[in-house]
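What follows is each chain in one-letter form.
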Amino acid sequence: QVQLVESGGGLVQPGGSLRLSCAASGSTRSPNHMAWYRQAPGKQRELVATITSGDATTYADSGRGRFTISRDNAKNTVYLQMNSLKPEDTAVYYCNAEFWPWNYWGQGTQVTVSS
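So, here's what we can say about the structure. Everything numeric in this text was worked out from a predicted model, so none of it was measured. (Residues numbered from 1 in each chain as written. Predicted model: local features only at pLDDT ≥ 70, side-chain atom pairs only at ≥ 80, totals over all residues. Heavy atoms only, no water.)

1. Brief notes about the packing of aromatic side chains
The geometry of an aromatic ring pair is captured by the separation of the ring centres together with the interplanar angle, meaning the angle of the planes. Rules: In summary, the pairing rule links any two rings of Phe, Tyr or Trp, Trp by its six-membered ring, whose centres are within 6.5 Å, and it sorts them by plane angle into stacked for under 30 degrees, edge-to-face for over 60 and tilted for everything else. Exposed residues in this analysis have more than 50% of their type's maximum accessible area, buried residues have under 20%, and partly exposed residues fall in between, with area computed by a 1.4 Å probe over protein chains only. Definition used: whenever NZ (Lys) or CZ (Arg) falls within 6 Å of the ring centre and also within 35 degrees of the ring normal, the charge is taken to sit over that ring.
As enumerated under the stated definition, the model contains two aromatic pairs in all. With centroids separated by 6.0 Å and ring planes inclined at 75 degrees, the aromatic side chains of Phe99 and Tyr104 adopt a geometry described as edge-to-face. Summarising the burial analysis for this pair, Phe99 and Tyr104 share the class buried. Cation over ring: Arg45 sits above Trp105, and NZ or CZ is 4.7 Å from the ring centre.

2. Let's talk about the nonpolar core
Applicable threshold: Within this scheme, the nonpolar core is defined by two criteria: the residues are buried Ala, Val, Leu, Ile, Met, Phe, Trp, Tyr or Cys, and they are joined through side-chain atoms within 4.5 Å. For helices the rule is a DSSP run of H or I covering at least 4 residues; for strands it is a run of E covering at least 2, with both sets numbered from the N terminus onward. Contacts are assigned to residue pairs with any non-hydrogen atoms lying within 4.5 Å of each other.
Judged by nonpolar contacts, the single largest core of 27 residues is most densely connected at Leu4, Trp36, Val78, Leu80, Met82 and Tyr93. Residue assignment for this core shows that the elements contributing at least two residues are strand 3 (18-25), strand 4 (34-39), strand 5 (46-51), strand 7 (67-72), strand 8 (77-82), strand 9 (91-99) and strand 11 (109-113). Not counting the four nearest positions on each side in its chain, Val78 is found in contact with Leu20, Ser21, Cys22, Met34, Trp36, Ile51, Ile69, Ser70, Arg71 and Cys95.

3. Observations concerning the pairing of strand 4
Let me state the cut-off plainly: By definition, two strands form a pair when at least two bridges between them are found by DSSP.
Pairing analysis gives five bridges linking strand 4 to strand 5, with the strands arranged antiparallel. In the sheet register, Tyr37 faces strand 5, and the bridge partner there is Leu47. Hairpin geometry of strand 4 and strand 5 is characterised by an intervening segment of six residues between the two adjacent antiparallel strands and by a positive phi of about 75 degrees at Gly42. In this sheet, strand 9 lies alongside strand 4 in antiparallel orientation, the contact comprising six bridges. Within the sheet, the bridge partner assigned to Trp36 lies in strand 9 and is Cys95.

4. Considering the sheet that holds strand 8
Selection criterion: Axes, fitted as lines to C-alpha atoms, cover a helix only where it is in contact. Angles between the N-to-C directions of the axes lie from 0 to 180 degrees.
Within the open sheet, the four strands sit side by side as 1-3-8-7. Their pairing is antiparallel. The strands lining the two open edges of the sheet, one partner per strand, are strand 1 (3-7) and strand 7. If you compare each strand with its neighbour and ignore which way they point, the axes differ by 15 degrees on average. Note: strand 3 against strand 8, six bridges, orientation antiparallel. Note on strand 8: the bridge partner recorded for Cys22 is Val78.

Here it is as structure tokens:
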């Protein structure tokens, strides 16, 4: 059974940085697409960034230029480096991984941007 475990969330001041990690375990294969989503209170879950097995990346407008997604295939781990954080980035951040044809979610990690 594949499990995704996120880490790296926390409380940070506006303008600060955080690096989220998500490690996938329970499979002998590397995931295809990996992605980060987020869900703020009272809002729908939204896509933040994606990365393919070939390291092609896409970003939502909200994070483009501030966030960087990367992965370490040897560790089955995906990262999200978040810089210049804003209060509106406050949300629970979820990792998603595609082990075709299945899709898996992590439990989420809270990111709070506040002074």
